[in-house]
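Given next are the chains, with one letter for each unit.
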Amino acid sequence: MPRYFSYGSNMDAAHLVSRCPGAALLGAASLRDYELSFTLFSQTRQCGCPDILKKPGATVWGALYTVTATDLLLLDGYEGVAREKYRRLTVSVLDSAGTLVEAETYEVVHKAPDFQKPSKAFLAQLTAAAARLALPVSYQNFLRTIPTCD
């Protein structure tokens, strides 16, 4: 089965399973040499949405799932692949056992030139999911420092 790495709202397993019923949480995972940023403004949410940017030495933490091929197509739809909001790419992540595994994830296609602030509610969703996943405290603290639009 394919694996999916989420660093955004889909880190919340209940949220993802409501969208992709074949998804199963494997646990926390990390993506090396990328950093978390917010480079897309969502008209729906009226705030910034997360993205990953290549940055040597940085790490993005998130959730690793197994998903079905159908789930990946559903995710493509939710992430706006056909509308060129996000594109799917294959990355190598370290799973909770420290094993390097391939997983699908998404990155913003047309990145805004400046930081797009997320809302407090959206950021609260990310920090709550990070706590449930027991992501490193330093990463949880980093999430809490991200400036919001409200």
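Our subject is the structure listed above.
The rules behind the values
- Residues numbered from 1 in each chain as written.
- Predicted model: local features only at pLDDT ≥ 70, side-chain atom pairs only at ≥ 80, totals over all residues.
- Heavy atoms only, no water.
- Helix = DSSP H or I, 4+ residues; strand = E, 2+ residues; numbered from the N terminus.
- Expected span 1.5 Å × (residues − 1).
- Buried < 20%, exposed > 50% of the residue type's maximum accessible area, 1.4 Å probe, protein only.
- Arc of directions from axis to C-beta.
- Pairing = 2+ DSSP bridges.

Attention now moves to helix α3 (residues 120–132). Between its first and last C-alpha atoms α3 spans 18 Å; for 13 residues at 1.5 Å apiece the expected length is 18 Å, and the two agree. Buried within α3 are the following residues: F122, L123, L126, T127, A129 and A130. Down the axis of α3, the smallest arc covering the buried residues is 160°, so these residues share one side. Turned more than 90 degrees away from the buried face of α3, the exposed residues are K120, A121 and R132.

To continue, consider the pairing of strand β4 (residues 86–94). Strand direction decides the pairing type here: β4 and strand β5 (residues 100–108), joined by 9 bridges, are antiparallel. If you follow S92 over to β5, its bridge partner there is E102. Counted along the chain from β4 to the antiparallel partner β5, the turn is 5 residues long, and its residue G98 has a positive phi close to 85°.

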